[in-house]
Every structure is written in C-alpha cells, then in structure tokens.
Amino acid sequence: MPVDATLPYDDQNVFAKILRGEIPATRLYEDEYALAFPDINPQSPTHILVIPKGRYVSWDDFSAKASDAEITGFVRAVGKVARDAGLVAPGYRLLANTGTDSHQEVPHLHVHIFAGRALGPLLAR
Ligand code: AMP
C-alpha cells in the first residue's frame, strides 16, 4: 500500500527495524549518516537502497527538517555507494518515491540506486 508522506514517522516501519538490527539486511555501506543494503525485490541487476539514519518519512521530510550535516552526509553516502559499486562509468539512476502518487511503500526515506543494464525511459507509460 502506498504511504501518505505527510504522516508522522512510524518507528515500526521495516527500514527502522533494519536500522535497529531487528530485521536482517546485507549492510553494503554504513556510516554516521547512512546505511545501504540491497533491495529485497530487485528491479535491475544492481538495485541498492540508501537510507538516512535519522527518522525521516520521505524526501520532503528530510529536505525540510534534516540538519546540513545529515543532508551532506546522506548525499555523499549515496554517491560513494554508487562509485564504490563501479556504477559511474556505465551509469545509474536514482529514485526517491514520495507519497501516494509515487507509490512510496516504506515510510522511511530511501533512495533507490538502479544499474546494471540500459534502464530505458524515465517512467513506465
Ligand atoms: P518504495 O516503493 O520506493 O517505497 O520502495 C520500497 C522498496 O523497499 C521496494 O523496492 C521493496 O522491495 C524494498 N524492501 C521492502 N522490504 C525490504 C527489506 N526487508 N529489505 C530490503 N528491501 C526491502
């Protein structure tokens, strides 16, 4: 079910549980600000999720309320994860679904990194 990105943060969401270690995930990268792990249902040969460590529902919430250090740390982490995975030369796509029309399913901000094949047009038609 898509989530309403204007709702308050829910500490029981699946990515909050991954951050707390209550649900397993392969931790590809982790620092003070971010955690990266593979998407459980990959949509491309490489499909990585990067999430901030803070309690932010969506890109909207994060961009409005996160500190400059959190924003800088998170953006740099997304770039590093893609770079370290060797994705810069072949190319990759970032996606951050926000709210119901985008079909956001998990109410903790996550950036998808898609790569590993020609990804085609931006949106399904
Ligand atoms: P979105 O529709 O942008 O909210 O994407 C949510 C993504 O989270 C989907 O691509 C799911 O496959 C992924 N996902 C859900 N649960 C897990 C999990 N436990 N570990 C890794 N990825 C997950």
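Preceding block: the structure.
Residues numbered from 1 in each chain as written. Predicted model: local features only at pLDDT ≥ 70, side-chain atom pairs only at ≥ 80, totals over all residues. Heavy atoms only, no water.

### Thoughts on the layout of surface pockets
Condition: Using protein atoms alone on a 1 Å grid, points that fit a 1.4 Å probe yet trap it form a cavity, whereas open point sets bounded by protein on both sides within 12 Å along at least five of seven lines form a pocket; residues with an atom within 4 Å of a point count as lining. Grid points are joined across faces, edges and corners, and a volume is the space filled by probe spheres set on the points. For the purposes of this entry, the term helix denotes a DSSP run of H or I that reaches at least four residues, the term strand denotes a run of E that reaches at least two, and both are numbered from the N terminus. For this classification, Asp, Glu, Lys and Arg are treated as charged, while Ala, Val, Leu, Ile, Met, Phe, Trp, Tyr, Cys and Pro are nonpolar and the rest, including Gly, are polar.
Looking at the largest pocket, its volume works out to about 890 Å³. Forming the walls of the largest pocket are 31 residues, and the residues nearest its centre are D39, Q43, H47, H112 and F114. Within the residue set of the lining of the largest pocket, elements represented by two or more residues are α1 (14–19), β2 (34–38), β3 (46–52), β4 (92–95) and β5 (111–115). Take the lining of the largest pocket: its biggest share by element is three residues, from α1. The class makeup of the residues in the lining of the largest pocket is 17 nonpolar, 10 polar and four charged.

### Describing the site of the ligand
Quick note on the threshold: If even one non-hydrogen atom of a residue comes within 4 Å of a molecule or strand, that residue is called near it. Under the rule applied, a polar contact is a pair of N or O atoms within 3.5 Å (in protein, one hydrogen donor and one hydrogen acceptor; residues adjacent in sequence only if both atoms are side-chain atoms). Using a 1.4 Å probe, accessible areas were evaluated by the Shrake-Rupley method; residue-level cover was limited to the displayed protein chains.
By nearness alone, 16 residues border the ligand, and D39, N97, E105, H110 and H112 come closest of all. At a separation of 3.1 Å, an oxygen atom of the ligand approaches a polar backbone atom of V106. Here an oxygen atom of the ligand sits 2.8 Å away from a polar atom, N or O, in the side chain of H110. When the ligand sits alone it has 500 Å² of accessible area, and the protein chains cover 85% of it. For the shell around the ligand, the secondary-structure elements that each account for two or more residues are α1 and β2. With three residues, the single largest contributor to the shell around the ligand is α1. Looking at the shell around the ligand residue by residue, the class counts come to eight nonpolar, six polar and two charged.

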